[in-house]
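Per-entry structural report
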Amino acid sequence: MAESAALLVDEVLPEQPVRQWVLSFPYPLRFLFASQPANMTGVLGIVYRAIATHLIHKAGYTRKTAHTGAVTLIQRFGSALSLNIHFHMLFLDGVYIVGTKEASARFHRVNEPSSVELTQLVHQIAHRVGRYLQRQGWLARDAESSYLALDSADVDPLSVLQGHSIAYRIALGSRAGRKVITLQTLPPVDIDDTHTGTVGQVAGFSLHAGVAARADQRSKLERLCRYVARPAVSAQSLSLTAQSKVRYQLKTPYEDGTTHVIFEPLVFMSRLAALVPKPQVNLTRYHGVFAPNSQHRAVVTPARRGRGNKTKTPGPEDATPVASHAAVSYTHLRAHETNCNISYD
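Keep in mind it's a predicted model, so treat the numbers as computed, not measured.

Considering the packing of aromatic side chains
For the structure on display, the rule yields eight aromatic pairs. Here Phe25 and Phe33 contribute two aromatic rings whose centre-to-centre distance is 5.1 Å and whose plane-to-plane angle is 90°, an arrangement assigned as edge-to-face. Taking relative accessible area as the criterion, Phe33 reaches 0% and is therefore assigned buried. For the pair Tyr48 and Phe91, a centre-to-centre distance of 5.4 Å together with 10° between the ring planes defines the contact as stacked. Residue Tyr48 is located in helix 3 (residues 38-58), and its partner Phe91 is located in strand 3 (residues 83-92); the two are separated by 43 residues in the primary sequence. The exposure class of Tyr48 is buried, given its relative accessible area of 10%.

Examining helix 6 (residues 218-228)
Regarding helix 6, the residues found buried are Arg218, Leu221, Leu224, Cys225 and Val228. All buried residues of helix 6 project into a common sector of 115° when viewed along the axis, lining one side. Exposed and facing more than 90 degrees away from the buried side of helix 6 are Ser219 and Arg223. The elements touched by buried residues of helix 6 are helix 1 (2-12), strand 1 (18-24), strand 2 (69-77), strand 3 and strand 10 (205-213).

Quick look at the environment of Asp256
Within the element layout of this structure, Asp256 appears in the loop between strand 12 (246-249) and strand 13 (258-263). Judged by its relative accessible area of 36%, Asp256 falls in the partly exposed class. For the pair Asp256 and Thr185, spaced 71 residues apart in the sequence, the C-alpha separation amounts to 9.6 Å. Those residues within four positions of Asp256 in sequence are excluded, and the remaining contacts are Gln184, Leu186 and Pro188. Polar contacts involving the side chain of Asp256 include one to the side chain of Thr258, which spans 2.8 Å.

Thresholds, definitions, all that
- Residues numbered from 1 in each chain as written.
- Predicted model: local features only at pLDDT ≥ 70, side-chain atom pairs only at ≥ 80, totals over all residues.
- Heavy atoms only, no water.
- Phe/Tyr/Trp six-rings, centres within 6.5 Å; stacked < 30°, edge-to-face > 60°.
- Buried < 20%, exposed > 50% of the residue type's maximum accessible area, 1.4 Å probe, protein only.
- Helix = DSSP H or I, 4+ residues; strand = E, 2+ residues; numbered from the N terminus.
- Arc of directions from axis to C-beta.
- Contact = heavy atoms within 4.5 Å.
- Polar contact = N/O pair within 3.5 Å; in protein donor to acceptor, adjacent residues only side chain to side chain.

Interpretation in functional terms is not warranted from these geometric data alone.
Printed below as a string of structure tokens:
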């Protein structure tokens, strides 16, 4: 978590304002992304293009004359250890106008999106995602509704665990199909008092963009990066009850006052299994000027590495603090696996 945040702040995100855009999906799409993760790439491309085009047009430019960028961290979990695939996108809060010689770039900041703009954007995203999945054969429509066109052969034991986790249900044991036990230790909160942020919602899609860091707020940006890069399970939130059940404390209490969820050990293990992504699923993606093949990456990023920028091959003495710490951590990991003692002179 800390290493990922430091890498983003020190080497990727420039000293410009950054805004977090969070997109949540309806339950059926969460299940589709979990069981068929290849669909996330196409959907993420749609989401990025919609938001990037909005920023460029809002700044008064076109896609040919201005560029923006984002880093997406795909989170798979909710606060109660449920499977909840959603996108955390750290977008530049504006656009770059790159010079003809591509040796420098001028940044143009844009204002915070309004609720109306977010609603329009989420409508656009939902419509385009629906059309994309329909073309791919994953979405079927009739006169009254839309539904996933999944074959029964695509459903495996892991998919069963994932489906129950998405629906906040128990997958195994005598209480299969029921909701998990919750513990309410706080009084309920008025719903109207909690939804004051910038958000757009339609048909199960939810788009938030209320958190941002100014160019001079690098510490705040690093805290934000740590938040979006955090692991699914917080060890500090775990404890055992007197009946040997697993008690997990929510990071933020629910509106009804729920502060903890209680799991049978087997149910807890099934929740953890549902959170594990399939092999070769990259949960961090780079877009626009931050993309590895972007000709502007070397101009705008702090590390100045990118296509067309000829730099010498770094040696051990050139390693950044992040890289050095990662190397030490890996060495200690290997030592732990092989039960060796390692010392540094």
